[in-house]
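# Structural overview
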Amino acid sequence: MELIIRNTSGQPIYDQISSQLKAQIIAGTLQPGEALPSIRALAKDLKISVITTKRAYDELEAEGFVTTVAGKGCFVAEKNLDLIREQQLKTLEDHLSAAVELSKSCGVGPEELQDMLRILLEEES
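Below is a summary of the structure that appears in this document. (Residues numbered from 1 in each chain as written. Predicted model: local features only at pLDDT ≥ 70, side-chain atom pairs only at ≥ 80, totals over all residues. Heavy atoms only, no water.)

## Some words on the overall build of the protein
Secondary structure assignment for the protein yields 5 helices and 2 strands. The N-to-C order of helical and strand elements in the protein reads α-α-α-β-β-α-α. A burial count over the protein gives 22% of its 125 residues as buried. In the protein, the share of contacts with a sequence separation of at least 24, taken over all contacts with a separation of at least 6, comes to 47%. About 8800 Å² of surface is accessible on the protein, with carbon and sulfur atoms providing 55% of the total. Of the side-chain charges in the protein, 13 are positive and 20 negative, and the distance between the mean point of each set is 9 Å. (Helix = DSSP H or I, 4+ residues; strand = E, 2+ residues; numbered from the N terminus. Buried < 20%, exposed > 50% of the residue type's maximum accessible area, 1.4 Å probe, protein only. Contact = heavy atoms within 4.5 Å. Areas by Shrake-Rupley, 256 points an atom, 1.4 Å probe, with all protein chains shown as cover. Lys, Arg positive; Asp, Glu negative; His and termini not counted. Charge placed at Lys NZ, Arg CZ, Asp CG, Glu CD.)

Spelled out as structure tokens, the structure:
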């Protein structure tokens, strides 16, 4: 399991952790029933606070991505991944709609908007 924490990002560290773990669960990299690193071990590996790691795991549990078993640790939850993917696609569609509206108000045409998206996608690769 690989997690990348960016201190320059405006996104809180706990949110970076939970977002990346969600993405790995949805992609199937982390399988249902698979154990996650302990809160302390993950905090030590990432050189962050245990409180931050706990908050990330708590967020994941609240959203149904992981389950915690007392004395055993956190595990990837059995979940309907199609439903999760559908929810994320809806969120993506909402963000793209907002981007289209903003581009209209800025006078950015479809081709320029596509170029911007293409550049952003290449930067992430």
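## Some details on the pattern of salt bridges
Enumeration over the complete set of coordinates arrives at 5 salt bridges. Here aspartate 58 and lysine 54 are joined by a salt bridge, their closest N and O atoms 3.1 Å apart. Placement of both aspartate 58 and lysine 54 in helix H3 (residues 50-62) is noted, with a separation of 4 residues, approximately one turn of the helix. A relative accessible area of 36% places aspartate 58 in the partly exposed class. Lysine 54 gets classed as partly exposed once you look at its relative accessible area, which sits at 41%. Ionic pairing is found between arginine 118 and aspartate 115, a salt bridge with its closest N-O pair at 2.8 Å. With arginine 118 and aspartate 115 both in helix H5 (residues 110-124) and 3 residues apart, this pair spans about one turn of that helix. For aspartate 115, a relative accessible area of 39% gives the class partly exposed. (Salt bridge = Lys/Arg side-chain N within 4 Å of Asp/Glu carboxyl O.)

## Description of the packing of helix H1 (residues 13-27) against H3
Close contact between H1 and H3 brings their axes to 8 Å; oriented N to C, the two are set at 45°. Taken together, H1 and H3 sit at an angle that is classed as oblique. Crossing geometry of H1 relative to H3 is assigned as right-handed. Counting all contacts with H1, which are made through Ile13, Tyr14, Ile17, Ser18, Leu21 and Lys22, the residues of H3 involved are Thr52, Arg55, Ala56, Tyr57, Glu59 and Leu60. Of the residues in the contact of H1 with H3, the class split is 7 nonpolar, 2 polar and 3 charged. (Axes fitted to C-alpha atoms, helices over the stretch in contact; angles between N-to-C directions. Parallel < 35°, antiparallel > 145°, perpendicular 65-115°, else oblique. Left-handed = near helix turned anticlockwise from the far one by under 90°. Nonpolar A, V, L, I, M, F, W, Y, C, P; charged D, E, K, R; others polar.)

## Focus: unusual backbone geometry
Notably, lysine 47 is not glycine yet its phi reads approximately 55°, a positive angle. Secondary-structure assignment places lysine 47 in the loop between helix H2 (39-46) and H3. Given a relative accessible area of 74%, lysine 47 falls into the exposed group.

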